[in-house]
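# Report on the structure
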Amino acid sequence: MMNRSYTDQLGNTISINFPAKRIVSLVPSQTELLFDLGLNAEIVGITRFCIHPEKAVLQKEKIGGTKKLDLEKIIALQPDLIIGNKEENERADIEALQKLFPVWMSDIATLEDAQKTIEQIGKLVDREPEAAYLNHLITAGFNDLQVLAAEKNIDRRVLYLIWKKPYMAAGHDTFINDIMVRIGLRNVVLASRYPVMEPKAIADSGADLILLSSEPYPFREKHLNEFMNLCPNAEVMIVDGAVFSWYGSRLVKAVEYLFHLQERIK
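### A short note on the sheet that holds strand β4 (residues 43-46)
Reading across from one edge, β5-β4-β3-β6-β7 is the order of the five strands in this open sheet, with parallel pairing throughout. Each edge of the sheet is formed by a strand with only one pairing partner; in this case those strands are β5 (61-62) and β7 (103-106). Sheet topology note: the strand β3 (residues 23-25)/strand β6 (residues 81-85) ladder contains three bridges and is parallel. Pairing of I23 across the sheet is with L81, part of β6.

So, in structure tokens, the structure goes:
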């Protein structure tokens, strides 16, 4: 093993014994990426929200939730690398861990950011060829989706809801928005991040398509009528939230799902 330095996406420089042998992942989508890069043996801790791949995650120590990490459990695992994300993890938790361990942080708002993260994590964990192949598949798939959006002349005005009580929507500077744009959808929410929306604002949004995400709030079929009554002129459907918001290797699997979604909404 040798000592190597890396700079994360927040500008922090970390030094690790390369390659890392004890990795803790603080983000579900990045956990799935690490498994898909072939690091089952190296992953020692994950969050309780890390649910993919289904069988592999059952064997790993759970270190709390993304927003409420169990720092004592993480310390007990003595990781030589922790991988987190600016949006999904709490700053106080990360700062506490940074005093003890090398913590590499991502900051993702676009597909390009996601692919850059896959590339950088590949280098960080000694899996560059595997990461490059994933990015090749993602690039090819999303290029096809954008071509199809143009060919089918898809141009829907969309409201994408992520939460209920209160209603919260995906705004413009989010990863969700970037994915929507690439398949021909126009976000009617002009605000940043994830604004709270009153029912009247939803009704007056001008959306002709309302997407109810399966996560983080678990919208189900039983919620459809609520929005059909609120916006009678809009089409309402449930969508797989992981497809729109997981920014690791899930993007490879997302392509087929988004292709079928384009078929439904054209």
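There is more to say, and it comes next.
### Points about the nonpolar core
Judged by nonpolar contacts, the single largest core of 69 residues is most densely connected at L26, L81, V125, L211, F244 and L258. It is helix α11 (residues 250-265) that provides the largest number of residues to this core, a total of six residues. Counting 19 residues, the second largest nonpolar core, distinct from the first, contains V189, I210, L212 and F227.

### Observations regarding the side chain of R182
Mapped onto the elements of the fold, R182 is located in helix α7 (residues 175-182). Here R182 falls in the buried class, since its relative accessible area comes to 11%. Here D178 takes part through its side chain, which lies 2.8 Å from a polar atom of the side chain of R182.

Cut-off values and rules
Along each chain, residue indices are assigned from 1 in the same order as the chain's sequence is written. Reporting of local features is limited, given that this is a predicted model, to residues whose pLDDT is at least 70; pairs of side-chain atoms are given and counted only at 80 or more, and all residues count toward the totals for whole chains, interfaces and linings. Excluding hydrogens and water, the side-chain figures rest on all heavy atoms present in the structure. The pairing criterion for strands is at least two bridges between them, as found by DSSP. Strands here mean DSSP runs of E at least two residues long; helices mean DSSP runs of H or I at least four residues long; both are numbered from the N terminus. By nonpolar core is meant a set of buried Ala, Val, Leu, Ile, Met, Phe, Trp, Tyr and Cys residues that side-chain atoms within 4.5 Å join together. Exposure categories follow from relative accessible area, calculated using a 1.4 Å probe and restricted to protein chains: below 20% of the type maximum is buried, above 50% is exposed, and the middle band is partly exposed. Pairing of N or O atoms within 3.5 Å defines a polar contact, subject to two protein rules: one partner must be a possible hydrogen donor and the other a possible acceptor, and residues neighboring in sequence count only if both atoms are side-chain atoms.

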